[in-house]
Amino acid sequence: MDLQSFKASVANPRPPEGLALAVQALWWLAKGDWDKAHECAQAQDDKVGAWVHAHLHRQEGDNANAGYWYRRAEKPPATASLEEEWAAITSLLLAAG
């Protein structure tokens, strides 16, 4: 799935089948459900989940908490806009399968 079809899928009531929890989190965030996105990111207990978790806390404006999760993900804190960061993370995770 590419970024364009992923974005189009947000019109559906549920995320596409077979997505990892971190990618589901990005889907729910695009749909406007931060709480469901947070639940999915928290449930993927690895560096990828931590990276998405960092983005979510950055989205809510909690930069201290976001910093913690960026460190857990072993990623530098983002400097791009929220939209650019979302697209970059989503594209990378979709390409990784």
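Higher on the page you've got the structure.
About the cut-offs
Residues numbered from 1 in each chain as written. Predicted model: local features only at pLDDT ≥ 70, side-chain atom pairs only at ≥ 80, totals over all residues. Heavy atoms only, no water. Salt bridge = Lys/Arg side-chain N within 4 Å of Asp/Glu carboxyl O. Helix = DSSP H or I, 4+ residues; strand = E, 2+ residues; numbered from the N terminus. Buried < 20%, exposed > 50% of the residue type's maximum accessible area, 1.4 Å probe, protein only. Contact = heavy atoms within 4.5 Å. Core = buried A, V, L, I, M, F, W, Y, C linked by side-chain atoms within 4.5 Å.

J.: Outline the pattern of salt bridges, supporting the account with residue identities and numerical values.
T.: Counted by the stated rule, this structure contains four salt bridges. For K47, the salt bridge goes to E74, with nearest N and O atoms at 2.9 Å. Placement of K47 in helix 4 (residues 47–59) and of E74 in the loop between helix 5 (63–73) and helix 6 (82–96) is noted, with a sequence separation of 27 residues between them. For K47, a relative accessible area of 45% corresponds to the partly exposed category. E74 gets classed as exposed once you look at its relative accessible area, which sits at 58%. R58 is the salt-bridge partner of E85, the closest N and O atoms lying 2.8 Å from each other. Note that E85 is positioned in helix 6 and R58 in helix 4, a separation of 27 residues in sequence. Side by side, E85 and R58 carry an identical accessibility label, which is buried.

J.: Provide a residue-level description of helix 5, including the pertinent values.
T.: All of the buried residues along helix 5 are A66, G67, W69, Y70 and A73. Its buried side turned inward, helix 5 meets helix 4 and helix 6. A positive phi of about 60° marks E74, the residue just after helix 5.

J.: I'd like to hear about the nonpolar core, residue by residue, with values.
T.: One finds F6, L26, V52 and L93 to be the most contacted residues of the largest nonpolar core, which totals 26 residues. Of all the elements in the fold, those that place two or more residues in this core are helix 2 (21–31), helix 3 (34–43), helix 4, helix 5 and helix 6. No other element matches the seven residues that helix 2 contributes to this core. Every residue in contact with V52, bar those within four places of it in the chain, is listed here: A22, A25, L26, A41, I89 and L93.

All quantities given are derived from atomic positions and should not be read as evidence of function.
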